[in-house]
Amino acid sequence: MEARMTHHPLWNNNTNSTSGIYISASPIPISRTAKSQLSRPWVSVKRPSFTFRFRGSPMEDPLTSSSSSSTTVSPRKNLTTSNHLRHVESMAKLPSGAGKITGLNAVILGEALASEEDDLVFPSENFSRQAHVSSPQKYLEMYRRSVQDPAGFWSDIASEFYWREKWGQQVYFENLDIRKGKIQIEWFKGGMTNICYNCLDRNIESGNGDKIAIYWEGNEPGLDSSLTYNQLLARVCQLANYLKDIGVRKGDAVVIYLPMLMELPIAMLACARIGAVHSVVFAGFSAESLAQRIMDCRPKVVITCNAVMRGSKIIYLKEIVDRALMESAQNGINTDVCLTYENVSAMKKEMTKWIKGRDIWWQDVIPKYPVTCDVEWVDAEDPLFLLYTSGSTGKPKGVLHTTGGYMVYTATTFKYAFDYKPTDIYWCTADCGWITGHSYVTYGPLLNGATVVVFEGAPSYPDAGRCWDIVDKFKVSIFYTAPTLVRSLMREGDEHVSRYSRKSLRVLGSVGEPINPSAWRWFFNVVGDARCPISDTWWQTETGGFMITPLPGAWPQKPGSATFPFFGVQPVIVDEKGVEIEGECSGYLCVKSSWPGAFRTLYGDHERYEATYFSAFPGYYFSGDGCSRDKDGYCWLTGRVDDVINVSIFYTCSGHRIGTAEVESALVSHPQCAEAAVVGVEHEVKGQGIYAFVTLVEGVPYSDDLRKSLVMVVRNQIGAFAAPDKIHWAPGLPKTRSGKIMRRILRKIASRQLDELGDTSTLADPTVVDQLIALADC
């Protein structure tokens, strides 16, 4: 098993190497038109002419010494180098401010350049000057240290937090190579801390007790509330004391099935304060899905509320919990307490079904407990939370994150990716049922002492201007959402945006899936008035925090590109054999070496953890995503490459990964469904939709009623967000002679790419393809 210490030789630091490359920009005289356009705080520009020079080589490209040449030299592809900084040093010489750009035709985004992919968007000099990372050079300096000396880099950052006891001499330990033994990642082991203390007590002790921690906006306009850091700590301590009183101890699990009330982050923090492990389940999952999670982690208590309004629709959450607890009890897993919050705006107490002895009203007991609670100090490697995510098999995976590394990583990524300042008001539209709500609604912001907006309702209720009404109301300066919401609001028209000021906005963010360039430009031009950078973040439930993301003031952005890796992250693109590909390329996105926020295992199934993430490409973490890298080193995420679909949930502005096997399993549970195959297909609003090919039992006719019945089965077993967008009747499925379903062909049929079906002669029954095509619109 490999141990990497502070001085482990992670990179080739030979300054005389001729294999490293960097890019320089050839200056060109600027036109009057361009000069007038450059007065905008942020501008879109055509990419400058880049030329490569080889470090240490006596030969230089003559174009780099010319002050007037506009000739472009095409970069060489697939340049092999041992320098692991090769793909970030490519932007070392890019200009850092719009005022310094020469030889560029600056135009307004969304007009002439709407169809061009290679445009750059530069930060203004004023923005860069005030940013935490103000230039490509500053980024490279920090990034270089983070991968050359990860122990020292992350130790310095971790020391800014409170530790009851400091970690040992070995800052981190890792083995990502399954050929060398058990996969294992540890950061700050031996260090004793508490993330709740660092989120709340530490900020209060620094004098921010009266600062607003949470602004809460209800489903109905005008229904709102707020909590200061002092008030939030008091509420957390009351719930923590109650949990201890009913027997919840360090290491015990607590399932939280709540909508976006303030009680949701309160419950998360209360668990963390006493060392309990919280498992937040999105309050949109079905009773069966909730029961699966309850049976897996066996919680001491389930926390929920009686109901919630989503737009004009009421969701009876307590009834879903009742069915889930009944199902889990039938399988031998009993939960003694169901703590229920009365959400008075949705449903009154007297209308709520009740089981005496098990069900407890939150408002009846929690306010009676003391507002102070002792902290349970935990090891950095003690578990913090479980969050279930789908995979390529039907059973959800319980992703386990530990305390110390996650704390340090989420706080750091939040600070730098959003260029957070203490005066900012921050709103992430995601639900805490997803990792985004954990890392960037609750823990990351509060660890930085931020003021967070928590929104209960639907983003288009009562109309499509609701988001911008909230932005103006709370003077939101950082707005972080999903491409699904951006595309949906684009369709509603600019007038729903332009009638609001939005002058408080400073930074925008995108999460959940790759954002297409046209949506990026609309977000930038219309929502941000062409003055707010967009942090287009790539990361996963498993990574805990951002992995590839722009740093707003550091370098130019390309619409749709996640740009460059965050500190300490070493992404690589490999081919199907696991060989790293250099230069401009496309392939499988992997990460070599660990980072503090990485998940440690799958709860109760370390073997599946190793098989899913570390077996395909030994020595790397395999993300399951495809990625392209352009000639300037920018990363472009291309979506999932396994049998997983990125499902976007509009009313929570969140994304969720659904395994195709999970949906197929639900479909074939229908008595009239003989077989099903599910693929992802491009969707105008959601990015990716669920497309199901269904083979019925012999003699059962096709009908709209049956189609609706099949969709309802999926809604009931998984949740409404997993319902197929399209049911395609299939007399048979394209299979090899060995019985393997050829999903490649199904994806082409679903996306109507019928001229790209490829060779179908190897199928057991090639005529099935023609039958499927004929039934495409039925």
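I will try to describe carefully the structure that is included in this document. (Residues numbered from 1 in each chain as written. Predicted model: local features only at pLDDT ≥ 70, side-chain atom pairs only at ≥ 80, totals over all residues. Heavy atoms only, no water.)

1. So, the packing of helix 12 (residues 404–417) against helix 13 (residues 435–447)
- Running from amino to carboxyl end, helix 12 crosses helix 13 at an angle of 90°, the nearest separation of the two axes being 8 Å. Regarding the angle of helix 12 to helix 13, the classification is roughly perpendicular. Together, Tyr406, Met407, Thr410, Ala411, Thr413 and Phe414 of helix 12 and His438, Ser439, Tyr440, Tyr443, Gly444, Pro445 and Leu447 of helix 13 make up the contact between the two elements.
- Residue classes in the contact of helix 12 with helix 13 are distributed as eight nonpolar, five polar and no charged. (Axes fitted to C-alpha atoms, helices over the stretch in contact; angles between N-to-C directions. Helix = DSSP H or I, 4+ residues; strand = E, 2+ residues; numbered from the N terminus. Parallel < 35°, antiparallel > 145°, perpendicular 65-115°, else oblique. Contact = heavy atoms within 4.5 Å. Nonpolar A, V, L, I, M, F, W, Y, C, P; charged D, E, K, R; others polar.)

2. Overview of the packing of helix 4 (residues 150–158) against helix 12
- At their nearest, the axes of helix 4 and helix 12 sit 10 Å apart, and the two run at 85° to each other. By the criterion of interaxial angle, the relationship of helix 4 to helix 12 is roughly perpendicular. Counting all contacts with helix 4, which are made through Trp154, Ile157 and Ala158, the residues of helix 12 involved are Val408, Tyr409 and Thr412.
- Here the contact of helix 4 with helix 12 is built from residues that sort into five nonpolar, one polar and no charged.

3. Some thoughts on the nonpolar core
- Phe188, Leu232, Leu239, Tyr443, Phe567 and Leu667 are the most contacted members of the largest nonpolar core, which has 181 residues in total.
- Aside from chain neighbours lying at most four places away, what touches phenylalanine 188 is Trp154, Ser155, Ala158, Trp163, Trp167, Val171, Ala380, Gly404, Gly405, Val408 and Pro596.
- By size, the runner-up hydrophobic cluster in this structure holds 31 residues, among which are Val453, Tyr500, Ile515 and Val527. (Core = buried A, V, L, I, M, F, W, Y, C linked by side-chain atoms within 4.5 Å. Buried < 20%, exposed > 50% of the residue type's maximum accessible area, 1.4 Å probe, protein only.)

4. A word on helix 17 (residues 517–527)
- Of all eleven residues in helix 17, nine are buried; the element is thus mostly enclosed.
- All of the buried residues along helix 17 are Ala519, Trp520, Arg521, Trp522, Phe523, Phe524, Asn525, Val526 and Val527.

5. Focus on the pairing of strand 18 (residues 383–389)
- With six of seven residues buried, strand 18 is to be regarded as a mostly interior element.
- Strand direction decides the pairing type here: strand 11 (residues 277–280) and strand 18, joined by two bridges, are parallel. Bridge pairing in strand 18 links histidine 278 to phenylalanine 385.
- Note that strand 18 and strand 19 (residues 397–402) share six bridges and pair antiparallel. What sits directly across from threonine 389, in strand 19, is lysine 397. (Pairing = 2+ DSSP bridges.)

6. Points about the sheet that holds strand 28 (residues 621–629)
- On the basis of which strands lie adjacent, the open sheet formed by four strands has the order 25-26-28-29 and antiparallel pairing. Edge positions in the sheet fall to strand 25 (571–574) and strand 29 (635–640), since each of these pairs with one other strand and no more. Geometrically, the sheet is characterised by an average inter-axis angle of 45° between neighbouring strands, direction not taken into account.
- In this sheet, strand 28 lies alongside strand 26 (residues 585–591) in antiparallel orientation, the contact comprising six bridges. Bridge assignment links serine 586 to a residue of strand 28, and that residue is serine 628.

7. A short note on the pattern of salt bridges
- Throughout the structure, instances matching the rule amount to 26 salt bridges.
- Residue arginine 502 pairs with aspartate 529 through a salt bridge whose shortest N-O separation is 3.4 Å. Linking arginine 502 in the loop between helix 16 (495–498) and strand 23 (507–510) with aspartate 529 in the loop between helix 17 and strand 24 (534–536), this pair joins segments that are 27 residues apart in sequence.
- You can call aspartate 529 partly exposed: its relative accessible area is 33%.
- Measuring nitrogen to oxygen at the nearest pair gives 3.6 Å for the salt bridge that ties arginine 707 to aspartate 704. Placement of both arginine 707 and aspartate 704 in helix 20 (residues 704–717) is noted, with a separation of three residues, approximately one turn of the helix. (Salt bridge = Lys/Arg side-chain N within 4 Å of Asp/Glu carboxyl O.)

8. Describing helix 21 (residues 743–750)
- Among all positions in helix 21, only Arg743, Ile745, Leu746, Ile749 and Ala750 are buried. Take helix 21 and look down its axis: the buried residues cluster within an arc of 155°, on one side only.
- Where helix 21 terminates, the next one or two residues include arginine 752, which has phi positive at roughly 60°. (Arc of directions from axis to C-beta.)

9. Examining the side chain of threonine 563
- Tracing the chain through its elements places threonine 563 in the loop between strand 24 and strand 25.
- On the basis of relative accessibility, which here comes to 0%, the residue threonine 563 falls in the buried class.
- In this structure the side chain of threonine 563 is engaged in a polar contact, spanning 3.4 Å, whose partner is the backbone oxygen of threonine 549.
- Ignoring anything within four residues of it in the chain, the contact list for threonine 563 reads Ile548, Thr549, Pro550, Trp555, Gly633, Tyr634 and Cys635. (Polar contact = N/O pair within 3.5 Å; in protein donor to acceptor, adjacent residues only side chain to side chain.)

10. Details of the pairing of strand 33 (residues 687–696)
- Taken across its ten residues, strand 33 has nine buried, putting it largely inside the fold.
- Pairing geometry for strand 32 (residues 673–683) and strand 33, over ten bridges, is antiparallel. From the neighbouring strand, alanine 677 faces strand 33, where its bridge partner is phenylalanine 693.
- Counting the residues that bridge the hairpin from strand 32 to strand 33 gives three residues.
- Relative to strand 34 (residues 726–729), strand 33 runs parallel, the two sharing four bridges. Across the sheet, residue alanine 692 finds its bridge partner in strand 34, namely isoleucine 727.
- One crossover worth recording links strand 33 to the parallel strand 34 by way of helix 20, and it is right-handed. (Right-handed = clockwise from strand over helix to strand, strands pointing away.)

11. As for the packing of aromatic side chains
- Counted according to the given criterion, the structure contains 61 aromatic pairs.
- For the pair tryptophan 427 and phenylalanine 455, a centre-to-centre distance of 5.9 Å together with 85° between the ring planes defines the contact as edge-to-face. On the criterion of sequence distance, the pair formed by tryptophan 427 in strand 20 (residues 425–428) and phenylalanine 455 in strand 21 (residues 451–455) is long-range, its members being 28 residues apart. Assigned by exposure class, tryptophan 427 and phenylalanine 455 land together as buried.
- Judged by centre distance (5.7 Å) and plane angle (15°), the rings of tyrosine 613 and tyrosine 621 are stacked.
- Looking at tyrosine 613, the relative accessible area reads 3%, which means it is buried.
- The exposure class assigned to tyrosine 621 is buried, which follows from its relative accessible area of 1%.
- Counting every residue linked through ring pairs, the aromatic cluster contains Tyr139, Tyr143, Phe153, Trp154, Tyr409, Tyr416, Trp555, Phe564, Phe566, Phe567 and Tyr634.
- Sitting above the plane of the phenylalanine 285 ring, arginine 293 keeps its charged end 4.3 Å from the centroid. (Phe/Tyr/Trp six-rings, centres within 6.5 Å; stacked < 30°, edge-to-face > 60°. Lys NZ or Arg CZ within 6 Å of the ring centre and 35° of its normal.)

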